[in-house]
Amino acid sequence: MSDIDRIIAELQRFTWPDYVVFVAMFILCIFIGIYFGFMKKSLNEADYLMGGRNMLILPIALSLVASFISGITLLGLPTEVYSFGIQYTYVGIGVIAMGFVMGIFYLPVFHDLNITSTYEYLESRFDRRLRMFGSVMFAIMNIGYLPIVIYVPALAFNQVTGVAVHTITPIVCVICVFYTSLGGLKAVVWTDVVQMISMLGALILVAIKGTLDIGGFNEVFTSAWQSTRIEAPDLSVDPTIRHTLWSQLIGGVIYWTQTNAVSQNMIQRYLSLPSLSSARWALAFFCLGVLILMALCAYNGLLIYATYKGCDPLTTKLAKAKDQLLPLFVMNTLGEYPGLTGLFIAGVFSAALSSLSTCLNSMSAVVLEDFVKPFVSTPLSAKAINWIMRSVVVGVGALCVSLVYVVEHMGTVLQLTMSLEAITNGPLFGIFTIGLLMPWINGNSALTGGIFGVMAMSWISLNAQWAIASGAIKYETKPLTVEHCNYEYGEALLGSTHNLTISAAGKEDIFPLYRVSYMWYTALGALITILMSGACGCVFGSNDPRKVDPTLLAPSIRKFFCYTDNKFNAKSLNIDIPMKKYAIGDDVAL
């Protein structure tokens, strides 16, 4: 047995107390699902999908944070900081800006319309084709995103126990599908609260114990400063630089606004609150919670570097995948204390479960509201609606498990996720922005722009990911060394250095758009969509802005057009769409 294999075997000390802590978290989630599933004799549609629209602010805020900070961020961000420094963390400025943009322009419209699926808005503002386009893009994005969400914690579990990735992923999915299909949104939110506490506790525990082991904060920050991992924002305007202040601020605010204000996964929780004021408070708490968790993840990345600065485990293959770096550190730090490693792994799986359950619940809402109801001639029975919603949860969960086999060959998950999401997210954000802020653009133009945006971003993003996977594009990392390793890792590994860059010749051979930072992808997709939609106005004509219902526009935009009645009134919509049938106060029993 080689030194590497021996060390890995020694570190895999997942004892029975660890399993007890780990399993206890799953059992608690199952009981929450059972409680909300059987608390009432039957959950009506409003309860199952929207929590009755009377949820509390703090649980919703915690659920939003838990859903967004998935295992991708929990494991990917420390690896990012370890390898590239803190430039990514300046995206926190974009998070703060997103809170203002969403609260002023997007949230008021969606919340006051009493919709269930955000894509209902596209039908009322444009036509049914745009609604279907948005729903299809959402479904494609979710099906591509969820396998990554499942795969990441399975990597962590594999690092600390040796259990194969494809053994644990089906088990996790079955548990998540069970409580999500049984208890609906309330089960999702309250399991998120439990998982958020577990996630936060795990990060704090690792940070405190790791800091004590290394010799205190001073040692951590001294190591980070000397290796230039702590640095001021890069002010370059070159869009091909991976992270700059402008990519994190401008690209970041657009990415985060799209994800938080437009995606069904997030907006569904905001719409479950009883008032716009409570939704804005939840948004403020969400921003604060995300900043705290990102700071903890980034600090753990600096802590990992201070611990391994003399012997990079990525080069020696002690961590076989980049996103196993934090679990490796946890085993070194907490492995000797029974139960603590189990608490950390429970935290990582909590992050994954919260994102997975949220996406599954949102998919059931979108499929029911956008793919089924608009195409049935008679109202669905309670039994049919129940069957559809739960079947979607089960079916999508099973599909995602099978797609994990594809994800495991696709590299670092943080950049990969944001790159692939931009294929659909950028154009969708462009269409919603057109709807809210540009009343003169009609449905034909918006649909053409959206289709063109998806095609353009598919070409750019997929080719860029292929260039990265094939080695044509390689990013320079911060200094890493293996000069002080106290174990043998094999001469063959010396050539697989982690400190890589783009060669001058290779840079000239790569099409410029493929080298654009992934942080600009969502903004680029939205910009292409908006510009193309505007240009199509020359072909398809344009709307008279005064004839667009003001309730469909951002409040700050309404005042620029001379409406005969500019007072907001959701009932003024003279469009026969599902949101009129299921307004607040309607008791749609299932």
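Each chain has its residues counted from 1, following the order in which its sequence is written. Side-chain atom pairs in this predicted model are given and counted only at pLDDT of 80 or more, local residue features only at pLDDT of at least 70, and totals for whole chains, interfaces and linings cover all residues. The basis for the side-chain values is all heavy atoms of the structure; hydrogens and waters are excluded.

K.L.:
Lay out the overall build of the protein chain in plain terms, naming residues and giving numbers.
P.N.:
Only DSSP runs of H or I covering at least 4 residues are called helices, and only runs of E covering at least 2 are called strands; the numbering of each starts at the N terminus. Secondary structure summary: the protein chain contains 23 helices and 0 strands in total. Buried residues are those whose accessible area, probed at 1.4 Å on protein chains only, stays under 20% of the maximum for their type, while exposed residues exceed 50% and partly exposed ones sit between those limits. Looking at the protein chain residue by residue over its 590 residues, the buried ones come to 60%. Residues are treated as being in contact if the distance between any of their heavy atoms lies within 4.5 Å. Across the protein chain, contacts joining residues at least 24 apart in sequence account for 86% of those joining residues at least 6 apart. Each accessible area is a Shrake-Rupley result for a 1.4 Å probe, and residues are judged covered by the shown protein chains and nothing else. Only carbon and sulfur atoms are counted for the fraction: they give 66% of the accessible area of the protein chain, which is about 22,600 Å².

K.L.:
With reference to specific residues and values, describe the environment of Asn54.
P.N.:
Assignment of secondary structure puts Asn54 in the loop between helix H3 (45-50) and helix H4 (57-68). For the pair Asn54 and Ser275, spaced 221 residues apart in the sequence, the C-alpha separation amounts to 8.7 Å. Once you skip the residues sitting within four places of it in the chain, Asn54 turns out to touch Lys186, Ser272 and Pro274.

K.L.:
Account for helix H15 (residues 325-334), with residues named and values stated.
P.N.:
Among the 10 residues of H15, 9 are classified as buried, and the element is accordingly described as predominantly covered. Buried residues of H15: Leu325, Leu326, Pro327, Leu328, Phe329, Val330, Met331, Thr333 and Leu334, and no others.

K.L.:
Tell me what's going on with a nonpolar patch on the surface, and back it up with residues and numbers.
P.N.:
Surface patches are defined over residues having more than 30% relative accessible area and no salt bridge, joining like charges when they lie within 9 Å and nonpolar side chains (Val, Leu, Ile, Met, Phe, Trp, Tyr) when within 5 Å. Take a side-chain nitrogen of Lys or Arg and a carboxyl oxygen of Asp or Glu: if they are within 4 Å of each other, that pair is a salt bridge. A surface patch of nonpolar side chains, about 510 Å² in accessible area, is lined by Leu58, Trp281, Phe285, Leu288 and Ile292. Broken down by element, the residue count for the nonpolar patch peaks at 4 residues, all from helix H13 (residues 276-308).

K.L.:
Explain the state of the cysteines residue by residue, including any values.
P.N.:
By convention in this document, the label disulfide applies to cysteine sulfur atom pairs within 2.5 Å. Tallied over the full model, the rule gives 1 disulfide. Each sulfur of the disulfide joining Cys311 and Cys485 lies 1.8 Å from the other. Between Cys311 and Cys485 the sulfur-sulfur dihedral comes to about 100°; the bridge is accordingly right-handed. Here Cys311, found in the loop between H13 and helix H14 (313-316), pairs with Cys485, found in the loop between helix H19 (443-470) and helix H20 (504-509); they are 174 residues apart in sequence, far enough to count as distant. Cys485 shares its class with Cys311; the two are buried. Here Cys538 stays unpaired: no disulfide links it, and the sulfur of Cys536, its closest cysteine neighbor, is 8.6 Å away.

K.L.:
Please set out the nonpolar core residue by residue, giving values where relevant.
P.N.:
One finds Tyr121, Trp256, Tyr270 and Phe286 to be the most contacted residues of the largest nonpolar core, which totals 171 residues. Ignoring anything within four residues of it in the chain, the contact list for Tyr121 reads Val109, Phe110, Leu113, Ile115, Phe432, Gly435, Leu436 and Leu552. The criterion is simple. A nonpolar core is a set of buried Ala, Val, Leu, Ile, Met, Phe, Trp, Tyr and Cys residues joined through side-chain atoms within 4.5 Å.

K.L.:
If you had to explain the packing of aromatic side chains to someone new, which residues and values would you point to?
P.N.:
Think of a pair of aromatic rings as described by two things: how far the centres are apart, and how the planes are tilted against each other in angle. Aromatic contacts are taken between Phe, Tyr and Trp rings whose centres are within 6.5 Å, Trp giving its six-membered ring; a plane angle under 30 degrees counts as stacked, one over 60 as edge-to-face, and the others as tilted. Overall, the coordinates contain 14 aromatic pairs when judged by the stated rule. When the ring of Tyr106 is compared with that of Phe429, the centres are 5.8 Å apart and the planes differ by 25°; the resulting orientation is stacked. Taken as a pair, Tyr106 in helix H6 (residues 91-112) and Phe429 in helix H18 (residues 413-437) lie far apart in primary sequence, 323 residues in all. Here Phe429 falls in the buried class, since its relative accessible area comes to 8%. Geometrically, the ring pair formed by Tyr119 and Phe432 is tilted, given 6.0 Å between the ring centres and 55° between the ring planes. With Tyr119 in the loop between H6 and helix H7 (120-125) and Phe432 in helix H18, the pair connects residues that are 313 residues apart, well separated along the chain. Exposure class is identical for Tyr119 and Phe432. Each is buried. Taken together, the ring pairs connect Phe110, Tyr119, Tyr121, Phe138 and Phe432 into an aromatic cluster. Note that Arg128 overlies the ring of Phe375, its terminal NZ or CZ placed 5.8 Å from the centroid. Cation over ring: Arg229 sits above Tyr82, and NZ or CZ is 5.8 Å from the ring centre. Charges are assigned to positions over rings by a cutoff of 6 Å between ring centre and Lys NZ or Arg CZ, combined with an angular limit of 35 degrees from the ring normal.

Worth remembering: the numbers are spatial, not functional.
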